[in-house]
Amino acid sequence: MAFLADALSRVKPSATIAVSQKARELKAKGRDVIGLGAGEPDFDTPDNIKKAAIDAINRGETKYTPVSGIPELRKAIAAKFKRENGLEYSWEQTIVGTGGKQILFNAFMATLNPGDEVVIPAPYWVSYPEMVALCGGTPVFVSATQEHNFKLQAADLEKAITPKTKWFIFNSPSNPTGAAYTHAELKALTDVLMKHPHVWVLTDDMYEHLTYGDFKFVTPVEVEPKLYDRTLTMNGVSKAYAMTGWRIGYAAGPIQLIKAMDMIQGQQTSGATSIAQWAAVEALNGTQDFIPANKKIFEGRRDLVVSMLNQAKGIACPVPEGAFYVYPSCAGLIGKTAPSGKVIETDEDFVSELLESEGVAVVHGSAFGLGPNFRISYATSEDLLEEACRRIQRFCGACK
């Protein structure tokens, strides 16, 4: 009898975490490495949010909390959905988890049976298919190609849906591409979903506040209110509020799904950290003034990286609408010989040779389900980004 569960054979380690770990190991050995793999803002958590956590400690808010979250945070979440998205949820329809990952995992654990299919646009965040597989479901991938700015087309969604489809995962702005859907682009997808009442929508809005220029964010139920009874809308404080380490994600949806997720979480982790929850109350209810300022910085970084990458030989980098990633193609380098003498046959070869030759750590696109591309996170200083892009230009120029 095997000791480890069969389910482990269906999943792979996170490629983004692996790249960050590799960069750390090389730095520890004295290598000059610029890590552009992590999806984590370099900004500090705002002072008002940190103060709220300190105040919570001083008040003695250090005990177990209700599984689904403290009422104050759940009410703040319901108010946020009403204020920013025009969505009416009672606070009982909300749930708080230890990061967005737990929200997603618990939703799948609560709903998926063997043979159930989950439609996932590719490129996708690396954890989506692994979570589906761990929970017994079958990931069904649909390509959203660079030709369409990495946005899923309605006809392709239609083709992917079968009688076994239980969920459609939607992520805008996207990790890894930064692509964000306009109202019209999203309406084309919700029109398809309206024809298939057995398909539920899991929308990951984690990068909602990070869109650039005059782009206006919309979420599926905003666009098609008739999807309300079969949509779980997930979000969190990690990205816009620079609170990655606080580990607070949240969602709102139909009460029967929320109760099922609560039951699973009650046997799993129980409530998220009490102090982090009180900090999240302040994040949602307090001043939002720092968000536009941070967005402006991110937008400048995006423009710098896109411009410099498009000057690199063999690289083509589209301009994303949101998040803090770019997803350039390295197709022009496939078949070339790297400075080490190795022939670059895949995007994984490209990122491996780039790391060894120039000390720049990025993530290969095939890890996200679509290559030959690679993902760069520009959530780091402009000086480091400029130096990293110079190194990429030098590496590409040296490939023959």
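The protein chain has the name Aminotransferase in an unreviewed UniProt entry, where Rhizobium aethiopicum is given as its organism. The UniProt entry for the protein chain carries this comment under Sequence similarities (unreviewed entry): "Belongs to the class-I pyridoxal-phosphate-dependent aminotransferase family." Regarding the protein chain, the UniProt comment filed under Subunit (unreviewed entry) reads as follows: "Homodimer."

Attention now goes to the overall build of the protein chain. When helices and strands are tallied, the protein chain shows 13 helices and 12 strands. Principal axes of the C-alpha set define a box for the protein chain whose edges measure 60 × 55 × 55 Å. A total of 400 residues make up the protein chain; the buried ones form 55% of that total. Long-range pairs, those at least 24 residues apart, make up 74% of the contacts in the protein chain between residues at least 6 apart in sequence.

This brings us to the packing of helix α2 (residues 47-58) against helix α10 (residues 274-285). Across the interface, α2 lies against α10 with an axial gap of 8 Å and an inter-helix angle of 140°. In this view, α2 runs oblique relative to α10, as classed from their interaxial angle. As α2 runs across α10, the sense of the crossing is right-handed. Contacts from N48, I49, A52, A53, A56 and I57 in α2 reach I275, W278, A279, E282 and A283 in α10. Here the contact of α2 with α10 is built from residues that sort into 9 nonpolar, 1 polar and 1 charged.

Further remarks concern the UniProt feature "domain: Aminotransferase class I/classII large" (unreviewed entry) in the protein chain. When the UniProt feature table is mapped onto this chain, "domain: Aminotransferase class I/classII large" (unreviewed entry) is found at residues 32-392. Here residues 32-392 runs as 38% helix and 14% strand, with 14 Å between its end C-alpha atoms.

It is worth spelling out helix α3 (residues 71-85) at this point. Here α3 contains 15 residues, and its C-alpha end-to-end distance of 21 Å stays within 8% of the 21 Å for a straight helix at 1.5 Å per residue. Three or more residues of α3 are buried, namely L73, R74, A76, I77, A78, K80, F81 and N85. Its buried side turned inward, α3 meets β2 (94-97), α8 (220-223), β7 (231-236), β8 (249-252), α9 (255-266) and α10. Positive phi appears at G86, one or two residues downstream of α3, with a value of about 65°.

Residues of β8 alternate between two faces, with G249 and A251 on one and Y250 and A252 on the opposite face, all of them buried. Here β2 runs beside β8; their pairing, made up of 4 bridges, is antiparallel. Following the sheet pairing, T94 is matched in β8 by A252. Sheet analysis places β7 next to β8, joined by 4 bridges and oriented antiparallel. Its bridge partner being in β8, N235 is matched across the sheet by Y250.

Glancing now at a nonpolar patch on the surface. The grouping of F3, L4, L8 and L134 at the surface amounts to a nonpolar patch, some 470 Å² of accessible area in total. Structurally, L134 can be placed in helix α5 (residues 127-134). Residue class for L134 comes out partly exposed when judged on its relative accessible area of 35%.

So, about the pairing of strand β6 (residues 200-204). Judged by how many residues are buried, β6 sits mostly within the fold: 4 of 5 residues are covered. By the bridge criterion, 5 bridges tie strand β5 (residues 165-171) to β6 in an arrangement that is parallel. Across the sheet, F170 pairs through a bridge with T203, a residue of β6. Since β5 and β6 lie parallel, the crossover through helix α7 (residues 183-194) that links them has a hand, and here it is right-handed. Pairing geometry for β6 and β7, over 4 bridges, is parallel. Of the residues in β7, the one forming a bridge with L202 is L232.

Conventions adopted
- Residues numbered from 1 in each chain as written.
- Predicted model: local features only at pLDDT ≥ 70, side-chain atom pairs only at ≥ 80, totals over all residues.
- Heavy atoms only, no water.
- UniProt positions renumbered as here; feature names shortened; annotations may be inferred.
- Helix = DSSP H or I, 4+ residues; strand = E, 2+ residues; numbered from the N terminus.
- Buried < 20%, exposed > 50% of the residue type's maximum accessible area, 1.4 Å probe, protein only.
- Contact = heavy atoms within 4.5 Å.
- Axes fitted to C-alpha atoms, helices over the stretch in contact; angles between N-to-C directions.
- Parallel < 35°, antiparallel > 145°, perpendicular 65-115°, else oblique.
- Left-handed = near helix turned anticlockwise from the far one by under 90°.
- Nonpolar A, V, L, I, M, F, W, Y, C, P; charged D, E, K, R; others polar.
- Expected span 1.5 Å × (residues − 1).
- Pairing = 2+ DSSP bridges.
- Patch = residues over 30% accessible without salt bridge, like charges linked within 9 Å, V, L, I, M, F, W, Y side chains within 5 Å.
- Areas by Shrake-Rupley, 256 points an atom, 1.4 Å probe, with all protein chains shown as cover.
- Salt bridge = Lys/Arg side-chain N within 4 Å of Asp/Glu carboxyl O.
- Right-handed = clockwise from strand over helix to strand, strands pointing away.

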